[in-house]
Amino acid sequence: MLLIEDLVKCYKRGTRANDGIDLRVEAGEVVGLLGHNGAGKTTLVNQVAGLVVPTSGTIRVDGCDPVAEPAKVRRMVAVMPQAHAPLSGVTPRQAIRSMARIRGLNKRDAIARTSELIDALDLGEWADTMGERLSGGVRRLTGFGMAAAAPGRVVMLDEPTNDVDPVRRRLLWEQIRELANKGCAVLLVTHNVVEAERSVDRIVVLDSGKVIAEGTAPQLRSRAVGELRLELTAESVDTLPPVPDHIRTAGPAVRSSRRLVIPLDSGVASDALAWAQQLRESQTIDEFALLPVGLEDVYLELAGGEGDDKVKGEQGEPLAA
Ligand SMILES: Nc1ncnc2c1ncn2[C@@H]1O[C@H](COP(=O)(O)OP(=O)(O)OP(=O)(O)O)[C@@H](O)[C@H]1O
């Protein structure tokens, strides 16, 4: 449904925001696009929507080129932008209904679809409140409602769950899945790795404009070294003692200012727990946890840590991208 090949976008000042991206989203599929700030996610979305012209490469929405046939592609693509929808002087109900009408639904169907979305997202309490008085989360949900009102073939959602409370976040994910079940190809930008791991079919990781990893959550998790992660939290992890020799690490640790995450094989779990317990009893660390490897660990390892240095372990090499 959505096919992207060797997509390059260079902005005027020379930033290569997309640098040879290949990406495919099939009908009925929800694909999560992850990547650091400035990785090029929004640039990608804007090119598919026809708002930014690619420098080179190919985009096809059900066979149509957004550059050659922008009006046609706009009808086929629904976008929820990263910025809040402008809702001054309109209520969520009016905004969603208007979008449904603009995108081709007749009056009766637009009213019905709007009510359906307001109920599904539990927005009834604010459905008739003017936009100026809405919270960030309700604005975000309204933006989703506008994109989902008459969604077309491809739906692109740029950080849809930001500001949304945990209960409505679940409702939102149900509606995202519902769009895929109706046959839409859904491309979803998010920074929430844990949510993505739980809720999308496939994940694509962008780094500096390039795809550095792609696959289902289990496929990406299988790239991790070791089965476990020992997380140590301390005021500063710089002064922590080295991992004792008898606890063989499975790969390089990832460090942020207050957290050290050490990859381990399951065979050393009890020794690692005993060591962490000692560190806590001596108040060298504040707390610790031993957890199965998650997608967030793989992501941080791929991305090179939590914005901080990557600490190379005693054994093992860093994960290759
Ligand atoms: N209109 C523009 N003109 C020049 N440079 C731009 C423009 N829009 C984005 N960029 C640059 O392109 C790069 C990619 O930006 P983009 O917004 O696509 O990243 P992103 O992954 O969506 O980031 P974030 O997660 O912070 O929203 C950044 O270096 C950004 O500064």
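Let me begin by describing the structure that accompanies this report.

Conventions and cut-offs
Residues numbered from 1 in each chain as written. Predicted model: local features only at pLDDT ≥ 70, side-chain atom pairs only at ≥ 80, totals over all residues. Heavy atoms only, no water. Pairing = 2+ DSSP bridges. Helix = DSSP H or I, 4+ residues; strand = E, 2+ residues; numbered from the N terminus. Axes fitted to C-alpha atoms, helices over the stretch in contact; angles between N-to-C directions. Near = heavy atom within 4 Å. Polar contact = N/O pair within 3.5 Å; in protein donor to acceptor, adjacent residues only side chain to side chain. Areas by Shrake-Rupley, 256 points an atom, 1.4 Å probe, with all protein chains shown as cover. Nonpolar A, V, L, I, M, F, W, Y, C, P; charged D, E, K, R; others polar. Parallel < 35°, antiparallel > 145°, perpendicular 65-115°, else oblique. Contact = heavy atoms within 4.5 Å. Buried < 20%, exposed > 50% of the residue type's maximum accessible area, 1.4 Å probe, protein only. Core = buried A, V, L, I, M, F, W, Y, C linked by side-chain atoms within 4.5 Å. Domains from an automatic or database assignment.

Examining the sheet that holds strand 3 (residues 30-35)
Then, in step 1: Strand order across the open sheet formed by 6 strands is 5-6-7-3-8-9, with mixed pairing between neighbours. Only two strands of the sheet have a single partner each, and these edge strands are strand 5 (77-80) and strand 9 (210-215). Between one strand axis and the next, the sheet turns by 20 degrees as a mean value, whatever way the strands run.
Then, in step 2: Alignment of strand 6 (residues 154-158) against strand 7 (residues 185-189), held across 5 bridges, turns out to be parallel.

Notes on the site of the ligand
Then, in step 1: Among the 13 residues in the neighbourhood of the ligand, the closest are listed as Gly38, Lys41, Thr42, Thr43 and Gln82.
Then, in step 2: Backbone polar atom of Gly38 to an oxygen atom of the ligand: 2.8 Å apart, as the coordinates give it.
Then, in step 3: Here an oxygen atom of the ligand sits 3.0 Å away from a polar atom, N or O, in the side chain of His191.
Then, in step 4: Relative to its unbound accessible area of 640 Å², the ligand is 62% covered by the protein chains.
Then, in step 5: By residue number, the principal contributor to the shell around the ligand is helix 1 (residues 41-48), which donates 3 residues.
Then, in step 6: Taken together, the residues of the shell around the ligand break down into 3 nonpolar, 9 polar and 1 charged.

Comments concerning the sheet that holds strand 4 (residues 56-61)
Then, in step 1: Sheet architecture is open: 3 strands sit in the order 2-1-4, paired in antiparallel fashion. A strand with exactly one partner marks an edge of an open sheet, and here the two such strands are strand 2 (16-25) and strand 4. Going across the sheet, the axis of each strand differs from the next one's by a mean of 15 degrees, ignoring polarity.
Then, in step 2: Sheet analysis places strand 1 (residues 2-10) next to strand 4, joined by 5 bridges and oriented antiparallel.

Some words on the packing of helix 5 (residues 136-148) against helix 6 (residues 166-181)
Then, in step 1: Running from amino to carboxyl end, helix 5 crosses helix 6 at an angle of 10 degrees, the nearest separation of the two axes being 12 Å. The angle between helix 5 and helix 6 falls in the class roughly parallel. Judged by residue contacts, Leu141, Phe144 and Ala148 of helix 5 engage Arg168, Leu172, Gln175, Ile176 and Leu179 from helix 6.
Then, in step 2: For the contact of helix 5 with helix 6, a count of residues per class yields 6 nonpolar, 1 polar and 1 charged.

Describing the side chain of Gln47
Then, in step 1: Structurally, Gln47 can be placed in helix 1.
Then, in step 2: Judged by relative accessible area, which is 1%, Gln47 ranks as buried.
Then, in step 3: Sequence-distant contacts of Gln47, defined by excluding residues within four places in its chain, comprise Leu7, Val8, Lys9, Asn18, Val52, Val53, Pro54, Ile59 and Pro66.

Some words on unusual backbone geometry
Then, in step 1: Located in the positive-phi region is Asp62, a residue other than glycine, with phi close to 50 degrees.
Then, in step 2: Here Asp62 falls in the partly exposed class, since its relative accessible area comes to 37%.
Then, in step 3: Phi is positive for Gln283, which is not a glycine, with a value near 60 degrees.
Then, in step 4: Inspection of the secondary structure assignment puts Gln283 in the loop between helix 9 (269-281) and strand 13 (287-292).
Then, in step 5: Classification of Gln283 by relative accessible area gives exposed; the value is 70%.

Quick notes on the nonpolar core
Then, in step 1: Phe144, Leu157, Ile176, Val186 and Ile203 are the most contacted members of the largest nonpolar core, which has 48 residues in total.
Then, in step 2: The element best represented in this core is helix 5, accounting for 6 residues.
Then, in step 3: Split by domain, the residues of this core number at least three in each of domain 1 (2-221) and domain 2 (224-305).
Then, in step 4: If you look at the next biggest cluster of nonpolar residues, it comprises 27 residues, including Val48, Cys64, Val77 and Val204.

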